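Okay, here's what each chain looks like letter by letter:
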Amino acid sequence: LERPQVVSVAQQALNNTVFECRWVPRSARLLCLGSAARGTGLLQLLELRGGKLELLREIEKPKPLKCGTFGATSVQQRYLATGDFGGNLSIWNLEAPETPVYSVKGHKEIINSIDGVGGLGIGEGAPEIVTGSRDGTVKVWDPRQKDTPVANMEPVQGESKRDCWTVAFGNAYNQEERVVCAGYDNGDIKLFDLKSMSVRWETNIKNGVCCVEFDRKDVNMNKLVATSLEGKFHVFDMRTQHPTKGFASISEKAQKSTIWQVRHLPQNRDVFMTSGGAGSLHLWKYEYPAQRSKKDSEGVEMGVAGSVTLLQNVTLSTQPISSLDWSPDKKGLCVCSAFDQTVRVLIVTKLNKV
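Residues numbered from 1 in each chain as written. Predicted model: local features only at pLDDT ≥ 70, side-chain atom pairs only at ≥ 80, totals over all residues. Heavy atoms only, no water.

Thoughts on the pairing of strand β8 (residues 88-92)
Argument step 1. Of all five residues in β8, four are buried, a share of seventy percent or more.
Argument step 2. As defined by bridge partners, strand β7 (residues 80-84) adjoins β8 across four bridges and the pair is classed as antiparallel. Following the sheet pairing, T82 is matched in β8 by S90.
Argument step 3. Here β8 runs beside strand β9 (residues 102-105); their pairing, made up of four bridges, is antiparallel. Along β9, the bridge assignment pairs N88 with K105. (Buried < 20%, exposed > 50% of the residue type's maximum accessible area, 1.4 Å probe, protein only. Helix = DSSP H or I, 4+ residues; strand = E, 2+ residues; numbered from the N terminus. Pairing = 2+ DSSP bridges.)

Here is the structure:
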């Protein structure tokens, strides 16, 4: 097997902290969201031109911007939804980013994570945004409805509130079905079924859950990767749910430090990249078992976990790589940002060979 190589094609030093970087769909542009030295928010638009990154514009916002998604917008509009340190959910038109086209005080505390579905032609059903916050709640928003979330998942009476670090949509393969997966600082993972408005499944991976992502949002739930504070990630096979054992999973110790993010390759759901606290990226491939399910001693179907192979790893920075995004349009093109205040554009080669 020819191993893929991770090649840096462009990088840009910025004089501020970047929390999230995102490709602008159908373009050579990318966005960096973060905070300026004086504690305000920054939205920076960069463009890849002939092997160089050029800063096109920089817009200051009152509060640091923690996270952003294009997932609930059309390709024509390409509106960006962001969550900030003040608990505000805002939607921006990048052609006129001075004032938001939609804004709501969504949470009492910082919005740590955001995801969108139903936009960009991905996933059936309404365009929706999910936000997870330090205030312990997970809320789903339909931008066409002002001010109130369409769903609000909060701790039940007497349950202590946990800091929600990550949220992700999945199972949006028809008009009715949709789930949200949320990960918390105490290792809890919860799967909320938005159709029945109930917790469909929960587990605990013993360490803070930094990131969760389904391999695809718009298919019958297939796989979910969850990354943790202490260098492990878990792959859950989401096809078969056992009534007591839940979903089959494997865990892999990728490195000694925190795995900040996981991102699946848009063009191949079995390849994913993890970004780490030691400034490294690891590229993985999931291999399915010969049979994905089997019957237990009572004759009930249960899932069988596969295995993962490390395809490549590379160290890019002395600081944690906090954000990572694959280009939806060009296979192997990705961008990452690290706490060394540098944004890097990378090409991963030979992905058609794995």
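Considering the pairing of β7
Argument step 1. A large share of β7 lies buried, amounting to five of its five residues.
Argument step 2. Here β7 shows two buried faces, one formed by L80, T82 and D84 and the other by A81 and G83.
Argument step 3. Sheet topology note: the strand β6 (residues 65-69)/β7 ladder contains four bridges and is antiparallel. Opposite G68, over in β7, you have T82 as the bridge partner.
Argument step 4. Connecting β7 to the next strand, β8, in antiparallel fashion are three residues, including G87 with a positive phi near 85°.

Concerning the UniProt feature "repeat: WD" (unreviewed entry) in the protein
Argument step 1. Listed under "repeat: WD" (unreviewed entry) in the UniProt record, and renumbered for this structure, are residues 129-142.
Argument step 2. Secondary structure over residues 129-142 splits into 0% helix and 64% strand, and the C-alpha atoms at its two ends are 6 Å apart. (UniProt positions renumbered as here; feature names shortened; annotations may be inferred.)

What to know about the sheet that holds strand β19 (residues 223-228)
Argument step 1. Taking strand neighbours across the sheet as the criterion, the four strands line up as β18-β19-β20-β21 in an open arrangement whose pairing is antiparallel. A single partner strand is all that each edge strand has here, and the edge strands are β18 (209-214) and β21 (246-253). The average angle at which neighbouring strand axes cross in this sheet is 20°, direction not considered. (Axes fitted to C-alpha atoms, helices over the stretch in contact; angles between N-to-C directions.)

Some thoughts on the pattern of salt bridges
Argument step 1. All told, the structure shown has 24 salt bridges when counted by the stated rule.
Argument step 2. Ionic pairing is found between K217 and D115, a salt bridge with its closest N-O pair at 2.8 Å. Within this pair, whereas K217 is found in the loop between β18 and β19, its partner D115 is found in strand β10 (residues 111-117), the two being separated by 102 residues in sequence.
Argument step 3. Classification of K217 as partly exposed rests on a relative accessible area of 22%.
Argument step 4. Classification of D115 as buried rests on a relative accessible area of 9%.
Argument step 5. With its nearest N and O atoms 2.8 Å apart, the salt bridge here joins D340 to R344.
Argument step 6. Shared partners join several salt bridges into a network, and the residues in it are E20, R22, E213, R263 and D325. (Salt bridge = Lys/Arg side-chain N within 4 Å of Asp/Glu carboxyl O.)

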